[in-house]
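Read off the chains here:
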Amino acid sequence: MVGMPFSGLLNNVALLLSLVLVYGTVPKSSDVRGLKIIRGSLFGLIACGLMATPWELVPGIFFDSRTILLSVGGMFFGAIPTLLAIAIAATYRLYLGGGGAITGILTILCSGLAGLAWRTLRRKAAYQLSSLEWYFFGFCIQFIVLLLMLTIPASMIIPVLKSITIPTLAIYPLVTVLLAKLLANQETQARHKATLDASERKYRELVQHSRVILLSIDTEGKITFINEFAEDFFGFHADELIGKSVVGTIVPEVDSEGQHLGQILTSYLKEPEQLLENESENLCRDGRRVRVQWKNTLLYNAAGEYVGLQCIGHDVTTLRQAEAVLKAREDQLKRLVEVAPMPLAITKKGHGIDYLNRQFVQNFGYTLQDIPTVDDWWPKAYPDPHFRETVRALWDKEIARTIAEQKEFIPQEVQVTCKDGTIRDTVIRFSSIGEKEIVVFNDVTRERELDRMKSEFIATAAHELNTPLSTVRGFAELLLMEKDLEPAQQREYLTIINEKTETLEKIIDELLDISRIESGRLIHLERQPCDIRQLVASSVNAYSKELSDRVFDLDWQGPGPEALQADPWKLKQVMENLLSNAVKFSPSASPIRVRGGADEAAVTIEVEDQGIGMDAEHLSRIFDKFYRVDSSDTAVPGLGLGMAIAKGIVEAHGGTITVRSTLGEGTAVSFTL
C-alpha cells in the first residue's frame, strides 16, 4: 500500500458507495430503535471496511475516507446510528494500533460529532442542503483532520502534512459533495415514493370505501371499474360487471315509465356532454329498482381522445319516495285548502304569494296574476294610503310579537277593498309553517251587517211598539178621567184601543215567528181543509174596503182546490205581508194585481205592484231577517221581518216563494203551495 497511495484512496471512495446502498435499503423510522441499531451497525462496519483498505503513508500512519463517511453519515443517519458507528470504528482503530492510533480515533470522534453538530445547528434536512454548503462542510471536516495531524509523533508531522494536505483539501470535499448528493437523491426519491404511496392509499381508500357509487364506463357503455360500495349497493361482484354493458346489468332496458334506457344511453355516449348530470332508474341484482343521481366526468387518453366516463352516483331512492309522499300531502293540503269554505292564502317568507284558494278569488276577486306578492296586495286591498299604513303597522307588529313570544296570533279585523270596489269586513288570522305562512280571511260582512240590522231592528221595534202603546195608554187615560163621555165617543176610543192592541199583537206574533225561524224550527201550523181561492179573495177584499182609493185587481184562472190542507191564518198572514208591502212601496194611483191559479200539482199566487222596485243587491237580500230596503228616518214603517216570516210560513207548508223586481218598474212576489 505504501507504493500505491492513490490506489488505496480510490478503493476508499468506491467503498463509500456502499453507504448509499445501506441508506436506501434499510427502512428509516424514528420510532423503531432496532432499525436504528441495524443502520448504525452497518454504518460502523462500512467505516471498518474503509479502515481495512487505507492509504498507509508510513508504517503505523493510515489515511482513509472514514471522516467523509462519518461526517456525512452523521448528517443523514442521526444520533443513535452515528454514535454506534463511531463506537465501532473507534474500537476497530484501537485494535489496529500503531503510532497514529490516537490521532485516528480522534478523527473518528471529531468527524462523526461534527456531522451531528452541523445537523443540529442547521435545523434543515440534510437532503435539502446545497452542493456549495456540502463542499464547505467537507472542507471544514478535512481542515479539522489536518489539525489533528499535530497529535501524531513530532518527527512525522511535517512529512505527513506535506504529503496529504493538498490531496485532502482538494479531493475529500468533492467526495463529500458526491456522497451527500447520492444520499440526498436517495432521500428525495424515498420521500417522493412515500408521498405517492400515501396519495395512492388515500385515493384507494376514497374510491373503495367512500359511501358513493363510483364506476367507469367506456364509449360502448361497458363497465371498466366499479368500487366496493357500488358492488354492495347493486349486489354484484366486480368480476360479474367488468367488461359488461351497464344496460341489462345495473341499468334496465326499459324503466318504470316505459323509456328505453339502452337507446337513450347509446345516444348519450355519442354526445357525452348531454350526460354530465342525470338521474336514472337503476337495477339491483335482487330485482329492486332504485333512483340514482349521477355526476359524470369525461375521460381522455394520453392522446387527448375521449375514452369513456367516470361516474359518481348517489342513491336518491329514499329522497324521491319522501318527496313523492310530501308532494302527495301538499296536493292533499291544496285540495283541502281549495275546497275550504273561507278564503285562504299561502305566502312564502312574508313576500311572495304561492297560492290563493277558490273562495279567496270568489270573495275578493283577486287572482295570483293580480297579486303575485304581498307588496302587490297592500295597495289593492287598502287603497287609502293612511289607512294602509295604519293596518300594515298593526299587522307587522302583531306578527313580530307572535314570532318573538311564540304565542298565538291575535286575529285582526279590517275592511278589505275587493277588486270590484266593494268593501268587506274581514277577520284575518295568521299561522307560520316553516318558510311558508297560511293567512285565513274570515268574511264577516254579513255578520256585521246583521249586527247593524239587529241594532236598527231594536230601535225600530221599540218605535213600532211605543207608537200603539202610547195611543192605547192615552185613550185609556181619557176613559178613566172623563166620566161624562158619550157612549158613542167611548165606543170610538175603545175601537182605537182595540185596533192598536191588534197592531201590538201582530208585532209580537212576528217576533215570535222570527224567533222560531232563527232557532231552526218550522213555524207551527194548524192544518185544516181550506178554500185557498176564497182565502185570497177575502184578503184582497179586506184591503179594498180599508183602502178604497187603491185599485186591487184579483185574477184567478179556473177553479181553486176546495180542500187544500193548510193553516188559513198563517196564509192570511202571508197575504197580509205581501199586500202590505205592495201598498207601501207603490204610488197610490198604481194598481195592485193579485193572480192565482191551480193545477194538479200545486197552487200559485202572485202579488204584483208597479212601485219603486229593487236593484239586484237589495233583491238578493229580500228574505234576510231585519233587512229593510230603506232604513232611513223617512222610510216606510216596519220591522224588516215580513218577507222572512212569509218565506218561513210558505216553506213550512212545503212550498216555495220567489221575487222578481226591476228598479223603477215594480215588484212581483209569487208563492207556490
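Scroll up for the structure.
Only a predicted model underlies this, so the values are computations on that prediction, with no experimental measurement involved. Numbers given to residues run from 1 along each chain, matching the order in which its sequence is written. Only residues with pLDDT of at least 70 get local features here, since the model is predicted, and only at 80 or more are side-chain atom pairs given and counted; chain-wide, interface and lining totals rely on the full set of residues. Side-chain figures throughout are based on the complete set of non-hydrogen atoms in the structure, without hydrogens or water.

S.K.: Looking at this model, I keep getting lost on the packing of helix α4 (residues 79-96) against helix α5 (residues 101-122). Mind explaining?
M.R.: Helices that pack against each other are described as a pair by the angle of their axes relative to one another and the distance between those axes. Each axis is a line fitted through C-alpha atoms, taken for helices only over the stretch in contact, and angles between the N-to-C directions span 0 to 180 degrees. Helix and strand labels come from DSSP, where a helix needs a run of H or I of at least four residues and a strand needs a run of E of at least two; each type is numbered from the N terminus. α5 packs onto α4 with a crossing angle of 175° between their chain directions and a minimal axis gap of 9 Å. Classified by the angle their axes make, α4 and α5 are roughly antiparallel. Here α4 contributes Ala79, Thr82, Leu83, Ile86, Ala89, Ala90, Arg93 and Leu94 to the contact with α5, which in turn contributes Ala101, Gly104, Ile105, Ile108, Leu109, Gly112, Leu113 and Leu116. Throughout, the ten residues Ala, Val, Leu, Ile, Met, Phe, Trp, Tyr, Cys and Pro are labelled nonpolar, Asp, Glu, Lys and Arg are labelled charged, and all others, Gly among them, are labelled polar. By residue class, the composition of the contact of α4 with α5 is 12 nonpolar, 3 polar and 1 charged. Oblique is the label for every angle not falling under 35 degrees (roughly parallel), over 145 degrees (roughly antiparallel), or within 65 to 115 degrees (roughly perpendicular). Any two residues having at least one pair of non-hydrogen atoms within 4.5 Å are treated as being in contact.

S.K.: For this particular structure, what's the right way to read helix α14 (residues 385-405)?
M.R.: The periodicity of an α-helix, 3.6 residues per turn, causes residues three or four places apart in sequence to face the same way. Counted at 1.5 Å a residue, the expected span for α14 with its 21 residues is 30 Å, and the 30 Å between its end C-alpha atoms agrees. Any residue under 20% of the maximum accessible area for its type is buried, any over 50% is exposed, and the rest in between are partly exposed; the area is computed with a 1.4 Å probe on protein chains only. Regarding α14, the residues found buried are Arg388, Val391, Trp395, Glu398, Ile399 and Thr402. Looking straight down α14, one finds that the buried residues subtend no more than 110° of arc, so they occupy a single side. Across from the buried face of α14, at angles greater than 90 degrees, the exposed residues are His386, Glu389, Lys397 and Ala404. As for α14, its buried residues are in contact with α13 (374-381), β10 (412-417), β11 (423-433) and β12 (436-443). For this analysis, a polar contact is any N or O atom pair within 3.5 Å, provided that within protein one partner can donate a hydrogen and the other can accept it, and provided that sequence-adjacent residues contribute only side-chain to side-chain pairs. Its side-chain oxygen at 3.3 Å from the backbone nitrogen of His386, Asp384 defines the N-terminal cap of α14. Phi turns positive, to about 55°, at Gln406, one or two residues after α14. For a helix, the expected span equals 1.5 Å multiplied by the number of residues minus one. Picture the helix axis, draw a direction to every C-beta atom, and the arc is the one those directions span.

S.K.: Would you mind going over the pairing of strand β16 (residues 592-598) with me for this structure?
M.R.: A pair of strands is labelled paired if DSSP reports no fewer than 2 bridges between them. Bridging between strand β14 (residues 552-557) and β16 involves 6 bridges; their strand directions are parallel. Its bridge partner being in β16, Trp556 is matched across the sheet by Gly596. As paired strands, β16 and strand β17 (residues 603-608) are joined by 6 bridges and run antiparallel to one another. Across the sheet, the residue bridging to Gly597 is Thr604, located in β17.

S.K.: Teacher, can you tell me more about the sheet that holds β12 here?
M.R.: Two modes of strand pairing occur in sheets, parallel and antiparallel, and in both the strands are linked by backbone hydrogen bonds. A sheet is described by the order of its strands in space; here 5 strands give the open sequence β9-β8-β12-β11-β10, paired in antiparallel fashion. With one partner strand each, in any of the chains shown, β9 (352-356) and β10 form the two edges of the open sheet. Each neighbouring strand pair of the sheet contributes to a mean axis angle of 35°, computed without reference to strand direction. Alignment of strand β8 (residues 344-348) against β12, held across 5 bridges, turns out to be antiparallel. By the bridge assignment, Thr347 is partnered in β12 with Glu437. Relative to the sheet, α13 contacts β8, β9, β10 and β12, its axis offset from that of β10 by approximately 75°. Its contacts with the sheet put α14 on β10, β11 and β12, and the angle it makes with β10 is roughly 145°.

S.K.: Sorry, what's going on with the pattern of salt bridges here?
M.R.: Where side chains of opposite charge bring their charged atoms close, a pairing between them can arise. A pairing counts as a salt bridge when a side-chain nitrogen of Lys or Arg comes within 4 Å of a carboxyl oxygen of Asp or Glu. Applying the stated criterion across every chain, the model contains 20 salt bridges. Two residues, Arg595 and Glu608, come together in a salt bridge whose shortest N-O distance is 2.6 Å. Here the residue Arg595 occupies a position in strand β16, and Glu608 occupies one in strand β17, the gap between them amounting to 13 residues. Classification of Glu608 as partly exposed rests on a relative accessible area of 24%. With its nearest N and O atoms 2.7 Å apart, the salt bridge here joins Glu651 to Lys647. Of this pair, Glu651 and Lys647 are both found in helix α20 (residues 642-652), 4 residues apart, which corresponds to roughly one turn of the helix. A relative accessible area of 39% places Glu651 in the partly exposed class. Of the residues examined, Lys647 reaches a relative accessible area of 26% and is grouped as partly exposed. Shared partners join several salt bridges into a network, and the residues in it are Glu279, Arg291, Arg320 and Glu323.

S.K.: What is the right way to look at the sheet that holds strand β18 (residues 656-662) in this model?
M.R.: With mixed pairing, 5 strands are arranged side by side in an open sheet as β14-β16-β17-β19-β18. For this open sheet the edge positions go to β14 and β18, each flanked by a neighbour on one side alone. In this sheet, adjacent strand axes meet at a mean angle of 15° when their direction is disregarded.

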